[in-house]
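Coordinate inspection notes
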Amino acid sequence: DRALEICQLFNLVALRGEIFEFYGNLYREQQDLARAVEFYDRAERAYDEAGVELTRTELWEERGLLALQMGDLREARSLLDRLVEARSRDEMGRQRAVLARGRVRLAQGEAEEARAELTEALQYFRAHGLYVNEAPAPMLLAVSLHTRGDDGACPEERSDEGCPSFPRRRPSRVISTPR
């Protein structure tokens, strides 16, 4: 609440949108879906007031995941399809939207299509060292393979050909804690 007060005081309207979006994410993770919708709506209004294009935020991605969680696969897919298209010139943003859409495609029973997209996203994230984005991709790929019955179809040597494997590399910067 203090962050919102500061945003109000200094007229940081776009930042207010991000804070509302984060609250929506928090409520979504806590399964308080009505509150999540409320805060996503507030985020959208704040972004609109600030003149921020929604496709440049994570709001549609988050709303798509909320719709998936609520069982509205059509709405989830629609939001994420539009986001993937809108981010055609922002490859990292597009691949993040593809990752979210992969979850929806799996829920819709489109395992093969999901696998193809998730493989592309995984390769992009690995090539650019985007470990936070890379982490869920192998798990989603494993789900796509399991769905089609290929639980054991990925020998380790094929890991770069669309079969899931967890990252072997470590981030170049390691944060150490005092002992």
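Because the structure is a prediction, the values reported are computed rather than measured. (Residues numbered from 1 in each chain as written. Predicted model: local features only at pLDDT ≥ 70, side-chain atom pairs only at ≥ 80, totals over all residues. Heavy atoms only, no water.)

**Regarding the overall build of the protein**
Looking only at helices and strands, the protein has nine helices and zero strands in total. Going from the N terminus to the C terminus, the protein shows its helices and strands as α-α-α-α-α-α-α-α-α. When burial is assessed residue by residue, the protein has 42% of its 179 residues classed as buried. Summing over all exposed atoms, the protein offers an accessible surface of approximately 10700 Å²; the carbon and sulfur share of this is 50%. (Helix = DSSP H or I, 4+ residues; strand = E, 2+ residues; numbered from the N terminus. Buried < 20%, exposed > 50% of the residue type's maximum accessible area, 1.4 Å probe, protein only. Areas by Shrake-Rupley, 256 points an atom, 1.4 Å probe, with all protein chains shown as cover.)

**What about the environment of Leu 83?**
One can find Leu 83 in helix α5 (residues 73–86). C-alpha of Leu 83 to C-alpha of Arg 96: the two residues are 13 residues apart in sequence and 9.8 Å apart in space. Residues contacting Leu 83, with those up to four places away along its chain left out, are Thr 55, Trp 60, Glu 61 and Ala 97. (Contact = heavy atoms within 4.5 Å.)

**Re the side chain of Arg 94**
Here Arg 94 lies in helix α6 (residues 91–107). Contacts of Arg 94, omitting those with residues within four sequence positions, involve Val 84, Arg 87, Ser 88 and Glu 120.

**So, helix α3 (residues 33–50)**
If you check α3, its first and last C-alpha atoms are 26 Å apart, about what 18 residues at 1.5 Å a residue would give, namely 26 Å. Of the residues making up α3, those classed as buried are Ala 36, Phe 39, Tyr 40, Ala 43, Ala 46 and Tyr 47. The buried residues of α3 all sit within an arc of 120° when viewed along its axis, so they share a single face. Within α3, the exposed residues directed more than 90 degrees away from the buried face are Ala 34, Arg 45, Asp 48 and Glu 49. Directly after α3, the chain includes Gly 51, whose backbone phi takes a positive value near 75°. (Expected span 1.5 Å × (residues − 1). Arc of directions from axis to C-beta.)

Keep in mind that these numbers describe shape and distance, not what the molecule does.
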